[in-house]
Amino acid sequence: MFALGCRLGLTLAATPNEANYFFTPCQLDSLAMGAVAAAVARDPVLLAPLQRNIAWISVTILLLIGAILLAGPLFGSVIGPIPPQVIAYGAASSHKAIRALSSPWGLDALPTLLSPGFAATVLYSSLPGTGMLKRAISWRPFRIAGGYAYGIYVYHLIILGLTGAVCFRVPRMSTAIQNNLWCSVFFILANALLTFGVAIASYHLYEKHFLKLKKYFPEKTAAAGVPPQ
């Protein structure tokens with residue numbers, strides 16, 4: 001609730017939207033849910049009551065996220081031009097398609113609603129079992145992408161800013177990305193692939209050398225897997 005209050009307070013004070021995303025106290029709910037998931041995964045007493053329902057929580061939140069991701073660019077293309085800021089948010093929502101989610105207040109509330117679902121999905125993926133969802137999220141390409149997730153997180157906005165600075169300076173390219181669904185999708189996919197490539201390079205050239213230091217801090221309980229080396 002503290003993080004939600006920070007986001008709402010900054011929006012009420014008419015600060016730039018970027019503050020709600022980059023200011024660390026505004027993201028404490030997401031960080032806290034990750035910590036809770038890690039603690040629960042290591043404590044059988046806490047984990048046992050959740051095992052029956054955690055799959056349904058994960059399915060529900062994944063469907064909601066999928067609907068948001070797909071509805072934004074689709075309806076934005078049908079109803080009108082897709083604003084550059086929607087592309088910058090990864091086409092998470094469309095200004096004309098989902099007004100509640102694309103408003104500052106909606107974006108402030110969204111992390112608080114989605115963080116428990118993301119944490120539940122991560123927790124569920126660590127449990128033994130062979131259900132359909134378990135097999136889906138255990139698919140090797142997903143696990144590999146998850147292994148490089150930190151680099152993807154660090155570099156995606158940098159790369160998006162650089163490609164956007166280039167593409168939106170070319171009038172014909174800018175118009176195509178903002179008004180044509182397939183051009184928008186191509187722009188997003190190209191950025192995703194470029195980000196993934198940079199994340200892989202970063203991991204093998206830089207990050208994994210620091211991860212090797214973990215051998216000096218052995219855990220009593222086995223942690224989740226790390227990227228392929």
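Structure: above.
This structure is a prediction, so every number in the text was calculated from the model and none was measured. (Residues numbered from 1 in each chain as written. Predicted model: local features only at pLDDT ≥ 70, side-chain atom pairs only at ≥ 80, totals over all residues. Heavy atoms only, no water.)

## What to know about the overall build of the protein
A tally of helices and strands in the protein yields 13 helices and zero strands. Put simply, the protein runs from its N terminus to its C terminus through helices and strands in the order α-α-α-α-α-α-α-α-α-α-α-α-α. With 229 residues in all, the protein has 30% of them scored as buried. Taking contacts inside the protein between residues at least 6 apart in sequence as the whole, the part at least 24 apart equals 61%. Here the protein has roughly 14700 Å² of accessible surface; of this, 73% comes from carbon and sulfur atoms. (Helix = DSSP H or I, 4+ residues; strand = E, 2+ residues; numbered from the N terminus. Buried < 20%, exposed > 50% of the residue type's maximum accessible area, 1.4 Å probe, protein only. Contact = heavy atoms within 4.5 Å. Areas by Shrake-Rupley, 256 points an atom, 1.4 Å probe, with all protein chains shown as cover.)

## Looking at the pattern of salt bridges
According to the stated counting rule, one finds one salt bridge in the structure shown. Residues D29 and R7 are paired through a salt bridge, measuring 2.8 Å at the closest nitrogen-oxygen approach. Residue D29 is located in helix α3 (residues 28–41), and its partner R7 is located in helix α1 (residues 2–12); the two are separated by 22 residues in the primary sequence. This pair shows no difference in class: D29 is buried, exactly as R7 is. (Salt bridge = Lys/Arg side-chain N within 4 Å of Asp/Glu carboxyl O.)

## As for the side chain of T195
Checked against the element boundaries, T195 lands in helix α13 (residues 181–211). Each residue touching T195, except ones within four places of it in the same chain, is listed here: I152, Y155, H156 and I159.

## Concerning helix α12 (residues 171–179)
Every buried residue of α12 is accounted for by S174, I177 and Q178. One side of α12 holds all its buried residues, which, seen down the axis, span an arc of 90°. (Arc of directions from axis to C-beta.)

## Brief notes about a nonpolar patch on the surface
A surface patch of nonpolar side chains, amounting to about 780 Å² of accessible area, comprises L205, Y206, F210, L213, Y216 and F217. Mapping Y206 onto the fold places it in helix α13. (Patch = residues over 30% accessible without salt bridge, like charges linked within 9 Å, V, L, I, M, F, W, Y side chains within 5 Å.)

## Describing the environment of Q27
When you line up the elements, Q27 lands in the loop between α2 (17–22) and α3. Residues Q27 and C6, spaced 21 residues apart in sequence, show a C-alpha to C-alpha distance of 9.1 Å. What Q27 contacts, discounting residues up to four positions off in sequence, is A3, N20 and Y21.

## Things to note about α3
Across its 14 residues, α3 extends 20 Å between first and last C-alpha, which sits within 8% of the 20 Å expected from 1.5 Å per residue. Buried within α3 are the following residues: D29, A37 and V40. Taken end-on, α3 shows its buried residues confined to a sector of 80°, consistent with a single buried face. (Expected span 1.5 Å × (residues − 1).)

## Looking at the nonpolar core
Buried together is how nonpolar side chains tend to be arranged in soluble globular proteins. Core analysis: the biggest nonpolar cluster contains nine residues, these being V40, L47, I54, A120, L123, Y124, L127, L133 and I137. Listing elements by their share of this core, those giving two or more residues are α8 (104–125) and α9 (132–137). If you tally residues by element for this core, the top one is α8, at three residues. In this structure, L47 is in contact with V40, A41, L123 and L127, ignoring residues within four places of it in sequence. (Core = buried A, V, L, I, M, F, W, Y, C linked by side-chain atoms within 4.5 Å.)

## Remarks on the packing of aromatic side chains
Within this structure, the stated rule accounts for six aromatic pairs. Relative to F142, the ring of W139 lies with its centre 5.1 Å away and its plane at 85°, an arrangement referred to as edge-to-face. Taken together, the aromatic side chains of Y148, F196 and Y203 make up a single cluster linked through ring pairs. (Phe/Tyr/Trp six-rings, centres within 6.5 Å; stacked < 30°, edge-to-face > 60°.)

## Some details on the side chain of T163
With respect to the element layout, T163 can be found in helix α11 (residues 149–167). Using a relative accessible area of 18% as the deciding quantity, one classes T163 as buried. From its side chain, T163 meets the backbone oxygen of L160 in a polar contact 3.2 Å long. When residues no more than four places from it in sequence are discounted, the contact partners of T163 are F187, N191 and L194. (Polar contact = N/O pair within 3.5 Å; in protein donor to acceptor, adjacent residues only side chain to side chain.)

Worth remembering: the numbers are spatial, not functional.
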